[in-house]
Amino acid sequence: MTEPKPRPPADGGAQPGEPDLLRGILLTPGYLKSLVFCALIGIPVSLAAFWFLVGMHEFGHVLWADIPHAWGWDTAPWWWPLPLLAIAGVCVGLIATHLPGGGGHIPASGLHVGGASPSALPGVLLAAMASLPFGAVLGPEAPLIALGSGLALLFRNLARGAATPQSTALLGAAGAAAAIAAIFGNPLIAAVLLIEVAGVGGPQLFAVMLPALLSSGVGALVFTGFGRWTGLQTGSLALKLPTPFPRLDAGDVLWSLLMAVVIGAFVHLVLGTGRLTAAFVAVRTFPRTVLCALGAAGCAALYALITDRAPDEVASSGQSALSAMATDPHAWGIGALVAVLLFKGVAYALCLGSLRGGPIFPALFLGAAAGVLCAPLPGLGLVPALAAGMAASAASALRLPVSSVVLVVLLLGSSAMMPVVILAAVVAFVTTELLPSWPGPAPATPVPASSPSPAPDPTEA
């Protein structure tokens, strides 16, 4: 008995399958040229990202370590964040009101694939340099995305390439991936992150993935080699955990699920407060930016006064503190962990709506602090609690569960905690999505972004 032939479409035409569509995209001369150009873009973009991160890292070290040491303090005094974040608020307020692009997108609106236009790029970099080294509770990933995509489009314009929406999407994603791979130390994180933000699938997924993956891989190679050659530090995120990792048991899984619900609700509250802050700042941008920056500084100062710990544990992205916490979690008492969660959570919300930067690093720190706080619970281990806390917080803040899982697993350096990482990310993501979105949708970015088309046309790439 012969099998029935598939019925042709009603219009009589043949519909190509996904393999044929993908093959057609890959064989398009325009797309192949874009692929080569994306590989070349990874070299200059990674070098620009390297020096940008080195500059911020060294400047931040001068402000928070060298100057206090020169004035006779072992660590920055409790009041140190007040003048620094006041300067940050003044600078960002001026940039947001006077420079093209407003200094970049508002962090409370989340990550965006499209980066700043070349004309807005100076303001984006200046706002990031005025925010992050001075103690803004934000990370460098959003400025890096803007830097990478903005430079990619600038190189395209200098080479007089075709400025189609499809080429803009591919080059912007590739440039952003090459830049953001620098801070995470792994090109895979950048590619997965940008793909999930773009929300593409099928052949379109490969059309966007290949340029981003290729550019981030070339950029990571150049970035790593150049860093070793110069000996300069960029402050890339890395965790040093005790090995071997413990085996997971039922207690780890059950507590991770409960932690994910609580952390998801907490981060949702923080992000909602950040959107309220953004709406508050939008009315009178300059004075209210300064006011919110001073509010974040007050949180750091109060934390230092109450706990007798360093104020930059609150007034910073949390990158250095996260590494220190992972290395020696027992150095944090219960009171210090509760205080840093509360004060850094408030400062994070204030900075999300006023200063410039990215949301990933503080979210990871808050999740790690919550994990260390919950670790003494019966049946819960320290490493599983740390892994589940970071995954839950990242998934809630980014609304990108796959990227959050990949990021946390690569940061841990082992797949041993992957089950609890996946469960925590999914549960926290679902919890956040089910909670009411208050006070409304995220604020729109003021930057004239290059919005990518999710379906690159192979004939125009």
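Residues numbered from 1 in each chain as written. Predicted model: local features only at pLDDT ≥ 70, side-chain atom pairs only at ≥ 80, totals over all residues. Heavy atoms only, no water.

K.L.:
How should the packing of helix α4 (residues 121-131) against helix α5 (residues 141-158) be read in this particular structure?
P.N.:
Each pair of packed helices can be described by the angle between their axes along with the distance between the axes. Relative orientation of the contacting elements α4 and α5 amounts to 155°, with a least axis distance of 10 Å. In terms of orientation, α4 lies roughly antiparallel with respect to α5. For the pair α4 and α5, the sense of crossing is left-handed. Each of Leu-121, Val-124, Leu-125 and Ala-128 in α4 lies in contact with α5, whose residues at this interface are Pro-143, Ala-146, Leu-147, Gly-150 and Leu-151. Across the contact of α4 with α5, the residue classes break down as 8 nonpolar, 1 polar and no charged. (Axes fitted to C-alpha atoms, helices over the stretch in contact; angles between N-to-C directions. Helix = DSSP H or I, 4+ residues; strand = E, 2+ residues; numbered from the N terminus. Parallel < 35°, antiparallel > 145°, perpendicular 65-115°, else oblique. Left-handed = near helix turned anticlockwise from the far one by under 90°. Contact = heavy atoms within 4.5 Å. Nonpolar A, V, L, I, M, F, W, Y, C, P; charged D, E, K, R; others polar.)

K.L.:
Whenever I open this one, the environment of Asp-252 confuses me. Can you help?
P.N.:
Of note, Asp-252 is situated in helix α9 (residues 250-283). Residue Asp-252 is classed as buried on the basis of its relative accessible area of 4%. C-alpha of Asp-252 to C-alpha of Gly-381: the two residues are 129 residues apart in sequence and 6.5 Å apart in space. Non-local contacts of Asp-252, meaning those with residues more than four positions away in its chain, are made with Arg-247, Gly-379, Leu-380, Gly-381, Pro-384 and Val-420. (Buried < 20%, exposed > 50% of the residue type's maximum accessible area, 1.4 Å probe, protein only.)

K.L.:
Could you clarify how one ought to interpret the packing of helix α3 (residues 81-98) against helix α10 (residues 285-307) in this entry?
P.N.:
Close contact between α3 and α10 brings their axes to 8 Å; oriented N to C, the two are set at 155°. Classed by the angle they form, the pair α3 and α10 counts as roughly antiparallel. Crossing hand, α3 versus α10: right-handed. Contacts between α3 and α10 pair Pro-81, Leu-82, Leu-85, Ala-86, Gly-89, Val-90, Val-92, Gly-93, Leu-94, Ala-96 and Thr-97 from the former with Thr-285, Phe-286, Thr-289, Val-290, Ala-293, Leu-294, Ala-296, Ala-297, Gly-298, Ala-300 and Ala-301 from the latter. Taken together, the residues that form the contact of α3 with α10 break down as 16 nonpolar, 6 polar and no charged.

K.L.:
What is the right way to look at the pattern of salt bridges in this model?
P.N.:
By the definition in use, this model includes 2 salt bridges. The salt bridge partner of Glu-313 is Arg-309, with a shortest N-O separation of 3.0 Å. According to the relative accessible area criterion, Glu-313 is buried, its value standing at 12%. For Arg-309, a relative accessible area of 23% corresponds to the partly exposed category. The closest approach of N and O atoms between Arg-399 and Glu-433, which form a salt bridge, is 2.9 Å. Residue Arg-399 is found in the loop between α14 (382-398) and α15 (401-412), and its partner Glu-433 is found in helix α16 (residues 418-434); the two are separated by 34 residues along the sequence. The exposure class assigned to Arg-399 is partly exposed, which follows from its relative accessible area of 26%. (Salt bridge = Lys/Arg side-chain N within 4 Å of Asp/Glu carboxyl O.)

K.L.:
I tried to follow the nonpolar core on my own but got confused; where do I start?
P.N.:
Note that soluble globular proteins tend to have their nonpolar side chains buried in a common cluster. Among the nonpolar cores identified, the biggest contains 121 residues, and Tyr-348, Ile-360, Leu-364, Met-390, Leu-412 and Val-421 are the most heavily contacted of them. It is α14 that contributes the most residues to this core, 12 residues altogether. (Core = buried A, V, L, I, M, F, W, Y, C linked by side-chain atoms within 4.5 Å.)

K.L.:
I'm lost on the environment of Phe-286 in this one. Help?
P.N.:
Position of Phe-286 relative to the elements: it lies in helix α10. Sequence spacing of Phe-286 and Leu-94 is 192 residues, and the spatial spacing of their C-alpha atoms is 6.4 Å.

K.L.:
Sorry, what's going on with the confidence of the model for the protein here?
P.N.:
Reading fine detail from the predicted coordinates is not recommended where pLDDT is low. When the pLDDT values of the protein are averaged, the result is 81; 76% of them are 70 or greater. Note on residues 9-15: pLDDT under 50 across the span, and 1 contact to partners over four residues away in sequence or across chains. Scored below 50 in pLDDT, residues 441-461 makes 59 contacts in the model with residues more than four places away or belonging to other chains. (pLDDT = per-residue confidence, 0-100.)

K.L.:
Please clarify how the packing of aromatic side chains should be interpreted in this entry.
P.N.:
Here the distance between the centres and the angle between the planes together describe a pair of aromatic rings. Overall, the coordinates contain 8 aromatic pairs when judged by the stated rule. Ring geometry for Phe-50 against Trp-51: centres 5.2 Å apart, planes inclined by 85°, an arrangement best described as edge-to-face. Look at Phe-50 and you get buried, because its relative accessible area is 1%. Between the aromatic rings of Phe-59 and Phe-134, the centroid separation amounts to 5.4 Å while the plane-to-plane angle is 85°, which identifies the pairing as edge-to-face. Pair noted here: Phe-59 is in helix α2 (residues 29-70) and Phe-134 is in the loop between α4 and α5, with a separation of 75 residues, a long-range link. Note on Phe-59: relative accessible area 30%, which makes it partly exposed. Through successive ring pairs, a cluster of aromatic residues spans Trp-71, Trp-73, Trp-79 and Trp-80. Stacked on the ring of Trp-332, the Lys or Arg Arg-309 has its end atom at 4.1 Å from the ring centre. Between the NZ or CZ atom of Lys-344 and the centre of the ring of Phe-365, over which it lies, the distance is 5.1 Å. (Phe/Tyr/Trp six-rings, centres within 6.5 Å; stacked < 30°, edge-to-face > 60°. Lys NZ or Arg CZ within 6 Å of the ring centre and 35° of its normal.)

K.L.:
Where do I start with the side chain of Ser-404 in this structure?
P.N.:
By the secondary structure assignment, Ser-404 is in helix α15. Here Ser-404 falls in the buried class, since its relative accessible area comes to 0%. There is a polar contact of 3.5 Å between the side chain of Ser-404 and the backbone oxygen of Ala-394. A polar atom in the side chain of Ser-404 sits 2.8 Å from the backbone oxygen of Leu-400. (Polar contact = N/O pair within 3.5 Å; in protein donor to acceptor, adjacent residues only side chain to side chain.)

K.L.:
Explanation requested: unusual backbone geometry in the structure shown.
P.N.:
Where the residue is not glycine, phi is negative for most of them; where a peptide bond is considered, it is trans in most cases. Of note, the phi angle at Asp-308 is positive, near 60°, even though the residue is not glycine. You can see Asp-308 is positioned in the loop between α10 and α11 (319-327). Judged by its relative accessible area of 71%, Asp-308 is exposed. Non-glycine residue Arg-399 carries a positive phi angle of around 60°.

K.L.:
So what exactly am I meant to see when it comes to the state of the cysteines here?
P.N.:
For the structure shown, the criterion picks out 0 disulfides. A disulfide-free cysteine, Cys-292 has its sulfur positioned 8.6 Å from the sulfur of Cys-351, the nearest such atom. No disulfide involves Cys-299; its sulfur sits 8.7 Å from that of Cys-351, the nearest cysteine. Classification of Cys-299 by relative accessible area gives buried; the value is 10%. (Disulfide = S-S within 2.5 Å.)

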